[in-house]
Each structure stands twice: as structure tokens, then as C-alpha cells.
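Chains, contacts and geometry: an overview
The residues making up each chain are set out below.
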There are 2 protein chains.
Amino acid sequence: MALIGKLVVCGVGLIGGSFALALRDRKEVGHVVGIGRSRESLGRAKALGVIDEIALDWASALDGADFVLLAMPVGQTDAVMEAMAPHLQAPTIVTDAGSTKHVVMASIYHHLDAQLSRIIPAHPIAGTEKSGVEAASTALFRGKRTVVTPLPENDPAAVEMVRKAWQACGALVVDMPPQDHDRVFAAVSHLPHLLAFGLVHELAGRANAELLFSYAASGFRDFTRIAASHPEMWRDICLANRQALVGELDQYLGELALIRSLLLSGNGQRLEQLFEEARQARTKWGEAQAPLIPSS
Amino acid sequence: MALIGKLVVCGVGLIGGSFALALRDRKEVGHVVGIGRSRESLGRAKALGVIDEIALDWASALDGADFVLLAMPVGQTDAVMEAMAPHLQAPTIVTDAGSTKHVVMASIYHHLDAQLSRIIPAHPIAGTEKSGVEAASTALFRGKRTVVTPLPENDPAAVEMVRKAWQACGALVVDMPPQDHDRVFAAVSHLPHLLAFGLVHELAGRANAELLFSYAASGFRDFTRIAASHPEMWRDICLANRQALVGELDQYLGELALIRSLLLSGNGQRLEQLFEEARQARTKWGEAQAPLIPSS
């Protein structure tokens, strides 16, 4: 018997589409309904066999729904939850795929607080350079991690159902408190992008920018590779996660203040120790990584 | 007729050894004398045919010398110049290979101010992961840039001689004022290394460091690759160039303060514009780079 009878996917793009395809492939879903803002892209999803039916409204989508995946851009979360609220039935399990959890939590508590037991935020970590349902595949989540960030009010059986659904897609499921999640990704993903954007932007604005860039070499290349990332996507991530991001930035500013004082006082010994500790940590991490890294 | 009759190389390692080999290869040097702290490594240089003779002291080394390349670690510059001073003859041209120029300038003005016309600081930009005379080659400088940073007091004919010597090694020679040089390299090489060391060090010191690193992905990998660099070498570079480096760090801190305020005020439009400007600059630079990049 399939894990999910009627699945509703809001936002049938790369993530939502791949979720549907993976479950279909494993025969773990019966009927897939798509809902979203673009009738045109939902039409393409249906033509590709990713979904069985396009819902015209939330009332019909949620009628008899077993499981809902919210995979639209995280900035639409609040509007979507407000629209769902009058029609969400008690047994239905809801999860999402947003890369920031506190924004999603705020909307859940605001609009769906009557059903907190069965609304479980999650974050599948999967490649994001491509987008759109044409890029969706059954294999997107295989071997990749999905972080499930349960609310205190969640029913354990409902959380387990969400885990099983992601595992059926081939994902490795891990649990984490939602606020920890946001700080972790702010620290190791969002902040580095911000720092790289900042350095390139600052140098590019100088009168002698061309001279400066002409002397930049391989270290600069690696450090700033992520400064070529998609501006709108990173605007959205930074806005959604700005609370955690400012916290992480402030920690880093503390480190830079330490480094600045070591430079001014010419403390070579402490600088060397700091560089050595970094080198050891980075080398150890690099050796552990080889096969595992998806796009950040 | 060879460009240089008697060449003295102080510090016959990767840089000094390659300079000698390149000039020999082009038959632009007659007799090569090596001098330095390690009799053992000078012995290896002689056995490899990189130098013809090991000098036991500066008096014999500088007797009748046409050209001197100072290629020992930049931290030894002051001691070396002090030792050379009593023996340096008027016609002899002196240049160096240090990656920071103001430290070298200070020592020149301190110890060799009687011969300012013929002492020309320079910086060959060449690969530095390898070291030692065994790694020296005739081709190290081919197609790579050497920055010549003349002092105001330098005799133009002497400067031209230094240019010709580096050109004979295959280097592309460019001129730059010494203080500009230090700021340029602080901005595009030294600061990124410092920033990467700082991020990795700060995260590695946290109680949940293992968890954080376990969620780091490809963006983090690229951004922090240079945090695996050689701690002692970067200690020396940061100490030698700390004046310029603090100046560059302060500029960058200004950029981070701007970004921080944009995050706090949720100014998505300005953030996106900043990211887009960075992306354009980085992409344009990346496209221009392909064949040219030595290690930074």
C-alpha cells in the first residue's frame, strides 16, 4: 500500500516536481494534485506526467488530501498558508521545502495554529542551479540530506510520516530544531556568499578597480567564485534569514576585530597559531567531503 | 655579450634558483655566485648546476659583482642589507623579489642610502606552493608578470637593466609605485586569505563546530580553499604587509557595515543591486582570466 494516497504539491518546480516523480517511481503515491500561481507551468507539469491533476483552488486541492508539500518560493509562504487555512482538513499532513525555517514557522503559527500537530517544517538540501519542472527528476534527493525541523507541537506520528516520505525519495533524513537550522545555514552557506559578494562589490567600486582585478590570481578566484551567484535568489535567502545572518555576521566581525588587533600589534605568533588552526580544520573537512557535496 | 657578467643570488631557492637557471638558459649571465644562510642548500644548488660558486662572505661575493638578486625570505631583508652595506660597490645593480615592497624600501633607506640610484625593488609574481632549489626551473617566470617598483632616486638606466634581466627570464615587466604595489596585493591576495582563515578559525572554535562543518557544501569549499594555505608563509606576508592590510581590512569592514544595515532594514532592492554588481564584475573578470593565473 502506497505511503500517500492523495498528494498536493504547491509549486511544481524542481523540488516539488522531483518529490512527486520520486514517490511515483517508488509507487509510494496514488494521485498527485498540483496547485500554484502559474497555470502555464502547471500545464507543463501535467503534460510531463509529474502531476495527475491541476487544482483550481485550495478547497478542491485539500479535499481528502493525505499529504501536502509546499515547494513554492519561500517568500510566498505566508500568502499560501493564509489561503490554505480555511480548507485544511484535520488528518492532512503538511510539510515544506524552504531553506529558512523561522519564516515558515512564523506563518504556521499565524495562519495554521489550529493544526500545529500535523504541520512539520523541513528542508531538503538539493541542487539549485537548475529550476523549473523540466529539470525535475526521480533522483534529485538520492543520497542527499533532508533536514526535518519539528515544532514542539508536532505529533510524533506525523513527523515520522514526513521522514518516511523523504526517505522514499532516497533522502537521508536528519532532525534539527528550527532555530538551529537557520543559524547553521547562515554560518556555512549564507554568510560566505555575503562575504564574497561584499569583497567583489567593494573592489569593483574603486577608481582603480581594473588595476586591482588585473592582479587578482587563483586565491581570489576561489574565494570569490560564489560572488557570481544568482542575485535575486540570494537576496531572497538573505532577507528570509537575515536575523540569523546578522547574528553570524556579528560573530565573524568579532573574529575580524581580533585579527585586526593582531596585525596592528604585529603578533606573528598568535596569527600563525590562528592560521594553523584554520588550516587543520579546513584540511580535515576537505578530506572528509569528497563524494557528498551538493550545491550550497 | 651576456646581460650580466657576475651575478650574485642571495637565497638560492625556488625564485633565486629559477632566475639563475633562466638567465643561464638564455646565455645572459656569465658567472653565478650563491650566498645565504644554509651551506647545505647552497651545496645542493651548486651540485645541481644552478650556481657556479658559493661565497663565504659578502666581501668576496660583491667584489666585481654586476648584479645582485636578493631572493631570501623577506623577513631577512634588513639583516642582509646591513651585512652587504660595507661591501657594495658603486656600479653594482641590486634588486629583490619580496612580495611586500615597503619593508624592503625601509631597509634600503636605512642601510644602503649611499647607493639609492642602483637599488631597484621588484616583485616577480610566480608560483609559491613549491619551494627550494630542487623545484627551480628555467620556465618559472615565462609569461608571468614581474612588478618593478622603482624608488624616486633610482637611475633610469639601472631600472632598465633590471627590467631587461626579468624580461630575459621570460617575464612580462610592469612598473608600479611601491606603496601602490603593497595596497594592490593586500586587496586582492592578502586580505582574501585573511578573511578565509578568519571564517574557518571562528567556526572551528565553536562547541558545535562538527555540526556546522557537516552542513558546509560547495560554496563553503571554494570560499575557504585558501584557508588551507601555509601558516608560516602567510604569517610573514601579513606581518610584512600589515600596514596596507589593515587599510584594506578597514575598507572591507566599511562594506560589511553597509551590508549589515541593509539586512537589518530588509532592503532587498539595494542588496540585490549590490549582489548584481558583484556578479557582473566577477563574471567579467573570470572570463578574462583563463590562461594567466599563477598561484596568488
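Data block above holds the structure.
Since the structure is predicted, the reported quantities are computational estimates derived from the model, not experimental observations.

Analysis parameters
Residues numbered from 1 in each chain as written. Chains lettered and ligands numbered in written order. Predicted model: local features only at pLDDT ≥ 70, side-chain atom pairs only at ≥ 80, totals over all residues. Heavy atoms only, no water. Least-squares fit on C-alpha atoms with pLDDT ≥ 70 in both. Contact = heavy atoms within 4.5 Å. Helix = DSSP H or I, 4+ residues; strand = E, 2+ residues; numbered from the N terminus. Buried < 20%, exposed > 50% of the residue type's maximum accessible area, 1.4 Å probe, protein only. Pairing = 2+ DSSP bridges. Axes fitted to C-alpha atoms, helices over the stretch in contact; angles between N-to-C directions. Buried area = accessible area lost by both parts, 1.4 Å probe. Salt bridge = Lys/Arg side-chain N within 4 Å of Asp/Glu carboxyl O. Polar contact = N/O pair within 3.5 Å; in protein donor to acceptor, adjacent residues only side chain to side chain. Nonpolar A, V, L, I, M, F, W, Y, C, P; charged D, E, K, R; others polar. Core = buried A, V, L, I, M, F, W, Y, C linked by side-chain atoms within 4.5 Å. Arc of directions from axis to C-beta. Right-handed = clockwise from strand over helix to strand, strands pointing away.

1. Describing the relation of the copies chain B and chain A
In the superposition of chain B on chain A (RMSD 0.1 Å, axial shift 0.0 Å), the rotation amounts to 180°. What we have between these two chains is a two-fold relation. Residue B:Phe223 of chain B places its C-alpha closer to the rotation axis than any other residue of that unit, at 2.0 Å. Interface overlap between copies is the fraction of interface residues in one copy that are interface residues in the other; for chain B against chain A it reaches 100%, indicating a shared surface.

2. With respect to unusual backbone geometry
All names here are of chain A. For Lys27, which is not glycine, the phi dihedral falls at a positive 55°. By secondary structure assignment, the location of Lys27 is in the loop between α1 (14-25) and β2 (29-35). What makes Lys27 exposed here is its relative accessible area of 68%.

3. Points about the sheet that holds strand β3 (residues 53-54) of chain B
All names here are of chain B. Taken in spatial order, the six strands of this open sheet run β3-β2-β1-β4-β5-β6, and their pairing is parallel. Both edges of this open sheet fall to β3 and β6 (119-120), since each of them pairs with a single strand only. By the bridge criterion, six bridges tie strand β1 (residues 4-10) to strand β2 (residues 29-35) in an arrangement that is parallel. In the strand pairing of β2, Leu7 is matched with Val32. The strands touched by helix α1 (residues 14-25) within the sheet are β1, β2 and β4 (67-70), with β1 carrying the most contacts at an inclination of about 165°. With respect to the sheet, helix α4 (residues 77-84) is in contact with β1, β4 and β5 (93-96), its orientation differing from that of β4 by roughly 155°.

4. Description of the interface of chain B and chain A
Each partner contributes residues to the interface: chain B has 85 residues there, and chain A has 85 residues. When chain B packs against chain A, close to 7900 Å² is buried across both sides, 71% of that on carbon and sulfur atoms. When residues of chain B are sorted by the area they lose upon contact with chain A, B:Tyr215, B:Phe275 and B:Arg282 head the list and together hold 10% of the total. Across the chain B-chain A interface, the total number found is eight salt bridges. In this structure, the salt-bridge partner of B:Glu248 is A:Arg206, at a minimum N-O distance of 2.7 Å. Summed over the shared surface of chain B and chain A, the result is 24 residue pairs in polar contact (both at pLDDT 80 or more). For the side of chain B that touches chain A, the residue count by class is 50 nonpolar, 16 polar and 19 charged.

5. Thoughts on the sheet that holds strand β8 (residues 145-148) of chain A
All names here are of chain A. Strand order across the open sheet formed by three strands is β7-β8-β9, with mixed pairing between neighbours. Edge positions in the sheet fall to β7 (122-124) and β9 (172-175), since each of these pairs with one other strand and no more. Here the average twist between neighbouring strands, direction ignored, is 20°. Bridge count between β8 and β9: four bridges; the pairing is parallel. Residue pairing in the sheet places Val148 in a bridge with Asp175 of β9.

6. Concerning the pattern of salt bridges
Considering all chains together, one arrives at 38 salt bridges over all chains under this definition. Here B:Arg225 ties to A:Asp222 by a salt bridge, and the two come within 3.6 Å at their closest N and O atoms. With B:Arg225 in the loop between α9 (218-224) and α10 (231-240) and A:Asp222 in helix α9 (residues 218-224), the pair connects residues from two separate chains. On the basis of relative accessible area, A:Asp222 is assigned to the buried category, the value being 7%. For B:Arg279, the salt bridge goes to B:Glu276, with nearest N and O atoms at 3.0 Å. Taken as a pair, B:Arg279 and B:Glu276 lie in helix α12 (residues 268-289) at a separation of three residues, close to a single helical turn. Residue B:Arg279 is classed as partly exposed on the basis of its relative accessible area, which comes to 27%. Beyond isolated ion pairs, a larger network of salt bridges with shared partners links A:Arg221, A:Asp222, A:Arg225, B:Arg221, B:Asp222 and B:Arg225.

7. What to know about the nonpolar core
Formed by 86 residues in total, the largest nonpolar core has its most connected members in A:Leu195, A:Phe220, B:Leu195 and B:Phe220. Leave out the neighbours within four places in its chain, and B:Leu195 touches A:Leu199, A:Phe223, A:Tyr252, A:Leu256, B:Leu249 and B:Tyr252.

8. Let's talk about helix α5 (residues 101-111) of chain B
For the α-helix, the turn length of 3.6 residues means that residues three or four positions removed from each other point alike. Residues and elements named next belong to chain B. Among all positions of α5, only Lys101, Val104, Met105, Ser107, Ile108 and His111 are buried. Looking straight down α5, one finds its buried side chains confined to an arc of 165°; they lie on one side. Looking at the buried side of α5, the elements it contacts are α4, β5, β6, β7 (122-124) and α7 (178-204).

9. Looking at the pairing of strand β5 (residues 93-96) of chain A
Residue and element names in this part refer to chain A. Here β5 shows no split at all, with Ile93 and Thr95 on one side and Val94 and Asp96 on the other all buried. For strand β4 (residues 67-70) and β5, the ladder comprises four bridges, and the chain directions are parallel. Directly across from Phe67, in β5, lies its bridge partner Ile93. Viewed along the sheet, the connection from β4 through helix α4 (residues 77-84) into β5 turns out right-handed. As judged from the two bridges shared by β5 and strand β6 (residues 119-120), these two strands associate in the parallel manner. Residue pairing across strands places Val94 opposite Ile119, the latter belonging to β6.

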